[in-house]
Amino acid sequence: MAANSDGNEELHGTQVNPDIVSLILQRFSDCDMFNVTKFYQPRLVQAMEQGVKGVSLTLTFKEQFNAEEHQMVTELADKGREAESSALLLDMAMTKGPLAQRVMWESFANMRHGVPKLDSILKEVEEHGTTLPSYAAIPERIPEVPSHLKGAHKKHKEMLRKLNETFEMKTGPMKEKVKISQLGDRYTELTIISPIRQWKLVEHELLARGKDHEDCREWYLKKNLEKIRIDQLFRSSFSREVRLVKRSNGHAEEFNSGCSAAACGVPGIGKTTLVQKIVHDWATGTLYPEFQFVFSFKFRDLNGINGKVTLKQLILDSSPDLKNVIEEIWRNPTVLMFIFDGFDEFKCHVDFNDSGKDTKPQHICTDPECLCEVSDIVYSLIQRKLLPGCSVLLTTRPTALHLLEKAQINPWVEIMGFVGKERKEYFNRFFEDQAVAAAVFEHVRENEILYTMSYNPSYCCILGQTLGPFFTQRDRELQLIPKTITQLYSFFIYDILKKHVTGTENCQDMLLRVGKMAFKGVTEKKIVFRNEDLIEHNLQPSQFMSSFLVELLEREGCTQRVVYTFPHLTIQEFVAALAQFLTPDPGDIWKLLTETHSEKDGRFEVFLRFVAGLSSPGSARPLQEFLGPFPHETTCRVIDWVKEKVKNQIGSTWSETGKRNLLNTLHFLFESQNPGLAETTLGSVPSLRFGDSDSEKALSLTPIDCAVLSHAIKLCRKISQLDLRNCFLQCEGLLRLEPVLHKCQVLRLEGNNLGDSGIKILSKILTEPKSEIQALGLDNNNLTHSCVEDLVSSVTANSSLTELGLGNNKLGDSGVKRLCAALRNPECKIQKLRLNNNNLTASCAEDLASALCTNRSLTQVDLGDNELEDSGVELISAALRKLDCKIQTLRLNNNGLTASCAEIFAPALSTNRSLKELDLGHNKLGDSGMKRLTVALRDSNCPIEELGVNNNGLTAFCAEDLASALCTTPSLTKLEVGDNNLGDSGVKVLSTALRDPDCKIQKLCLNKNGLTASCAQDLASTVNTTPTLTELHLGENELGDSGVKVLSAALRDPDCNIQELSLNNNGLTASCARDLASALITNPSLTELSLGDNNLGDSGVKLLSEALKDTECKIQELRLNNNGLTPSCAEDLASALVKNDSLTGLYLNDNKLGDTGMKVLNEALMDPECKIEKLGLARIGISNSCSEDLISSLSTVQKMKHVNLGSSLSSDQPSSPFSTTNQQESGADSSGTESA
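In this text the structure is predicted, and so the values were computed from the model without any measurement.

1. Here's the deal with unusual backbone geometry
The backbone of N894 sits at a positive phi, close to 55 degrees, despite the residue not being glycine. By the secondary structure assignment, N894 is in the loop between β22 (889–891) and α39 (899–911). Overall, the relative accessible area of 36% leaves N894 in the partly exposed class. The residue N1122 is not glycine, and still its phi comes out positive at about 55 degrees. Inspection of the secondary structure assignment puts N1122 in the loop between β30 (1117–1119) and α47 (1130–1139). Take N1122: its relative accessible area is 35%, and that puts it in the partly exposed class.

Okay, structure coming up:
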């Protein structure tokens, strides 16, 4: 809700701070407290479900509830009836009085962090501040209908009641097969939520959201999503139609500015039926008594209006009885509601941006009797320019949401369809015979694909029509019941043909012509067909035509004409696909499939699935009774095309688009039901990747997608790696994959919020004797100690599992203690274990220590980002000193360790023979701690090869000790001392040691150490005289051009063996570019160079580009991110990309290359001579269309392995509130490596 200007700005804020809420509540009178609580009561019932027992306990502790009342609340919650428990608590608090209400709100403020719904409400309280009570009291005021309008009001209601009291339920495809019922008898409640969820994927009938099904949906509704009732769309805490305007006398005056609400939902979800229900309930007096007149329009009807019209004409066309009072009705707009259904179908453009850049500015209509375009009337009503104070309800598909971004709409709600028992209720209402209803529902429930579809009422209708006959007709074979979507629609069309085709009709020819018209409609995004469309395809109205097309009336001026539409878009798509198999001469079907597949807006996705499905004999068989056998040539070409697509897409999953394309081809395979084809294409696939460490690049998988993926993996002989990181699987998706996951050797499930219940599913998979899982990633899955028992059984029973990632969870000390007991079991074969960031303390250290010294297979343990502290590490150090401990890699970074710990840890370094890698970064060892560690490092028995002490407060005072260790520890090959303060003097000391022949250092990280050009000569001398040194990281220092010139001279020395050099963020300009360019040409060992976050500019990069074109240059990866580059350097870079034979990685993130620069580079990237495999192009200021073209073209480059586009769009392009915001990635991390 918008903040109010009421003189209490100090009480408004968006920070999560219970003190702000407390201060606001203190200023409420007792009456205010009651009104605010009552105002939010429906939402609080939902929001409080998660913490109802805690709130009740607080009220009891504060002596507002007695023990008996508290018991009543908790007993309901313990029985799983949290909603009832929450409602009871609120009712009691309302009757107890203002003190109980204040205590309750105080408890809300304290528990808001873990309860998203409560947090949302409290943010609104903060926004409104002390004006909230006035706002909360407004819904109570319902104006009375003026006496001179009561007659018209009554007639209008009666007219709308009669129009909307019946519900047409299709029981067959023809208009004769329609059952008329009372709306109340047939209407099944839909689940509606607010606000709209973020729509990352292109929405379509056969694509659902991953959280939209059964248990998963109910879980999210309980935790995150706020359900909203129909009666809460207006005049409730969800909307914001009341503004408080500050007057000169200092008081705030209420002004009802009206409210425009938008209800969004995928096709067939029930938007139009919901509108009918709203109008019917208003007309019968059970809904929205605050509105005196409601006017409902369909955009599909409005499309038939050519020319200008007045709002008055629109209303009187549907409500002629209001002719004599219409002017009176305008006088009080606040009691009027307008409903517009199907915004996505509106043929006219409505510009809510008011920008005037690309389109003609939207005309504003301020008079209901002024002639305007329909689009102007719609715009002006929504934007409160016409009849300000009226309310508007708009329905739309998700595909049109972007057109409404700038519209003055609130609330936004989403129709989720059926949740839980609502699915079953639909089938019970659909079939009169409840035995048939139960049989059909059971079949749907057992089929994972069909069941996932059944959240949508329209699909339920098709399922009922198609599956019903299998359970009512004795001659139907149950084994032929449809299992795929193509099979379902094949039987649907078969039933139409069987019932309505006469012997005199040429069924095949007629269906071919209908299919061609349907295909043209899909191509042109057309769902309404007129007589001219029928004539074009040599069609005319007939009984056969009415089997497929629904007749509608379209008004044009004063006349009306008949238009036609398919009952559902998916039927149109299926008939369009069917036409491809009815053409006598298939022509170049391969070309048609390729062209439709290349469309970027997803309009052909379902069409292509149907085409692939119809290539299956099983799917085509029912139709061949009427249509004859499908051409063998067409079927073979379709199969070959699918085979080619799978092979091409397997290796092109670096982008979300590539992953989506691969998933679509797997859908093709599933629909084809061709085991031979699937085994040929997938049998030898080494890995499948749909996930990514960045959730923006991962592909969200729906339960349907998971079922399809499961089908594909089932046909693979073995999967070496399945990457599903951040794929939003949830438990429902995991259940779909359960039968096949045992085949995956490496299974990456990080970031899927599987929770403890997900581990129960995985435990079954891991304990199967046939499980081949060797590495399992479960990091960041919201796991707690409750899941450890299941993990324990898996770890001990599975002999193949050697790597287990459990980082970034909430196992806690108790969970890890139990896990350690399993690690001590001789049957446990875990070698690598990640427990970083799990809220561990010293309390579990003894158990960890015991596991380290008793498990002889455990070699790598990550305990970083916990709170073990010195006392915990002391116990671990004791375990390391034991001979039975085989740990090779130990990470203890960011554990609150001090210098005291170093002294404790030192003996372990000299006595442990297996420890090779130790990370103590991001602690507080200090110089004294480092001195103690180096004593141990100098011991001849110390086996350490890699040591990390980044960010430990080290200075030049410990440099002598470090230098001594470098010379006397022959095993030490990698040292990370970045993010400290060694300074030039410290590095001078280290450089002397590095030049010692006994020093064997290969990799040295000195990032962020306050280095300047003063130490450049020492570094240069080191580079020349240390033959083992191959990696040097000097990023985030202040070497400057002069320092890098000195280093460049050293790089040109034949004795220099540096392979990887990082100089990012060192204040470099074009002045040092010539020296660097010379080093690139003369140093054959230098293969990776990071120059990001400098200011080389176009002129500097031009010099580097010339070096890249030299045949002596062997550079393989070059990082130039954030260097002030513009399109001016694109030609030089492009030329270098084509001529350089070694460069495989180029990173240009955070430059301003723009569309023109990127087009030049894209041509070079497409050149066969270009060797680039990895590319960084995030935030380079290109347009959306250029980004899409880039993805499309690079997807065809077979050698491309990784492309980071991030948010490549220019910063002045508005981001949609309905799309997920891209994370801001840095171009390079502290070590100079590209962020993945």
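2. So, the side chain of D862
Along the chain, D862 falls in strand β21 (residues 860–862). R891 provides the closest opposite charge to the buried, salt-bridge-free D862, at an N-O distance of 4.5 Å. In this view, D862 contacts L833, R834, L835, N836, R891 and N893; residues no more than four positions away in its chain are not counted.

3. Re the packing of aromatic side chains
Tallying each qualifying case throughout the model produces 23 aromatic pairs. Taken together, a centroid distance of 5.9 Å and an interplanar angle of 90 degrees make the contact between Y426 and F427 edge-to-face. Note on Y426: relative accessible area 10%, which makes it buried. Put simply, the rings of F297, F299, F340, F343 and F346 touch in pairs and so form one group of aromatic residues. The ring of W282 has K157 lying over it, and the distance from NZ or CZ to the ring centre is 5.1 Å.

4. Overview of the pairing of strand β16 (residues 719–723)
Direction of pairing for strand β15 (residues 687–689) relative to β16: parallel, over a ladder of three bridges. Bridge pairing in β16 links R689 to D723. Viewed along the sheet, the connection from β15 through helix α32 (residues 703–714) into β16 turns out right-handed. Where β16 lies against strand β17 (residues 744–748), four bridges are found, and the strand directions are parallel. Across the sheet, the residue bridging to L722 is L747, located in β17. Viewed along the sheet, the connection from β16 through helix α33 (residues 730–737) into β17 turns out right-handed.

5. Some words on the nonpolar core
F690, L778 and L890 are the most contacted members of the largest nonpolar core, which has 258 residues in total. In terms of nonpolar packing, the next biggest core, distinct from the first, is built from 48 residues, C264, F295, I329 and F338 among them.

6. Notes on the packing of helix α44 (residues 1040–1051) against helix α45 (residues 1073–1082)
The geometry of a pair of packed helices is captured by two quantities: the angle between their axes and the separation between those axes. It is at 9 Å that the axes of α44 and α45 come closest, and there the two elements cross at 15 degrees. Here α45 runs roughly parallel to α44, going by the angle between their axes. Crossing geometry of α44 relative to α45 is assigned as left-handed. Touching V1044, K1045, S1048 and L1051 of α44 are D1075, L1076 and A1079, all from α45. By residue class, the composition of the contact of α44 with α45 is four nonpolar, one polar and two charged.

7. With respect to the environment of N780
Along the chain, N780 falls in the loop between β18 (775–777) and α35 (788–797). The exposure class assigned to N780 is partly exposed, which follows from its relative accessible area of 44%. Sequence spacing of N780 and L749 is 31 residues, and the spatial spacing of their C-alpha atoms is 9.0 Å. Setting aside its immediate chain neighbours within four residues, N780 contacts E750, G751, N752, N753, G807, N808 and N809.

8. What about the environment of K1000?
Topologically, K1000 is positioned in the loop between α42 (983–994) and β26 (1003–1005). Residue K1000 is classed as partly exposed on the basis of its relative accessible area of 34%. Considered as a pair, K1000 and L972 are 28 residues apart in the sequence and their alpha carbons are 6.6 Å apart. Beyond its immediate chain neighbours, meaning those up to four positions away, K1000 contacts L966, P970, L972, T973 and T1028. A distance of 3.4 Å separates a polar atom in the side chain of K1000 from the backbone oxygen of P997.

9. Some remarks on the environment of L1068
Counting through the fold element by element, L1068 comes out in the loop between β28 (1060–1062) and α45. With 30 residues separating them along the chain, L1068 and E1038 place their C-alpha atoms 8.8 Å apart. For L1068, the contacting residues outside a window of four places in its chain are G1040, D1041, V1044, L1063, L1091, N1094, N1095 and L1096.

10. Topic: the packing of helix α3 (residues 52–61) against helix α4 (residues 67–78)
Put simply, α3 and α4 touch, their axes get as near as 9 Å, and they point 170 degrees apart. As far as their axial angle goes, α4 and α3 are roughly antiparallel. From α3, V52, K53, S56, L57 and T60 reach across to α4, where they touch H70, V73, T74, A77 and D78. For the contact of α3 with α4, the residue count by class is four nonpolar, four polar and two charged.

11. A look at the pattern of salt bridges
By the definition in use, this model includes 42 salt bridges. Of the charged contacts in the structure, one is a salt bridge between D961 and K931, with a shortest N-O distance of 3.0 Å. With D961 in helix α41 (residues 959–968) and K931 in helix α40 (residues 926–937), this pair connects stretches of sequence that are 30 residues apart. Since its relative accessible area comes to 17%, D961 is described here as buried. In this structure K931 comes out as partly exposed when scored by relative accessible area, which is 34%. Each of R748, E750, D779, E803 and R834 takes part in a single network of salt bridges with overlapping partners.

Criteria and cut-off values
- Residues numbered from 1 in each chain as written.
- Predicted model: local features only at pLDDT ≥ 70, side-chain atom pairs only at ≥ 80, totals over all residues.
- Heavy atoms only, no water.
- Helix = DSSP H or I, 4+ residues; strand = E, 2+ residues; numbered from the N terminus.
- Buried < 20%, exposed > 50% of the residue type's maximum accessible area, 1.4 Å probe, protein only.
- Lys, Arg positive; Asp, Glu negative; His and termini not counted.
- Salt bridge = Lys/Arg side-chain N within 4 Å of Asp/Glu carboxyl O.
- Contact = heavy atoms within 4.5 Å.
- Phe/Tyr/Trp six-rings, centres within 6.5 Å; stacked < 30°, edge-to-face > 60°.
- Lys NZ or Arg CZ within 6 Å of the ring centre and 35° of its normal.
- Pairing = 2+ DSSP bridges.
- Right-handed = clockwise from strand over helix to strand, strands pointing away.
- Core = buried A, V, L, I, M, F, W, Y, C linked by side-chain atoms within 4.5 Å.
- Axes fitted to C-alpha atoms, helices over the stretch in contact; angles between N-to-C directions.
- Parallel < 35°, antiparallel > 145°, perpendicular 65-115°, else oblique.
- Left-handed = near helix turned anticlockwise from the far one by under 90°.
- Nonpolar A, V, L, I, M, F, W, Y, C, P; charged D, E, K, R; others polar.
- Polar contact = N/O pair within 3.5 Å; in protein donor to acceptor, adjacent residues only side chain to side chain.

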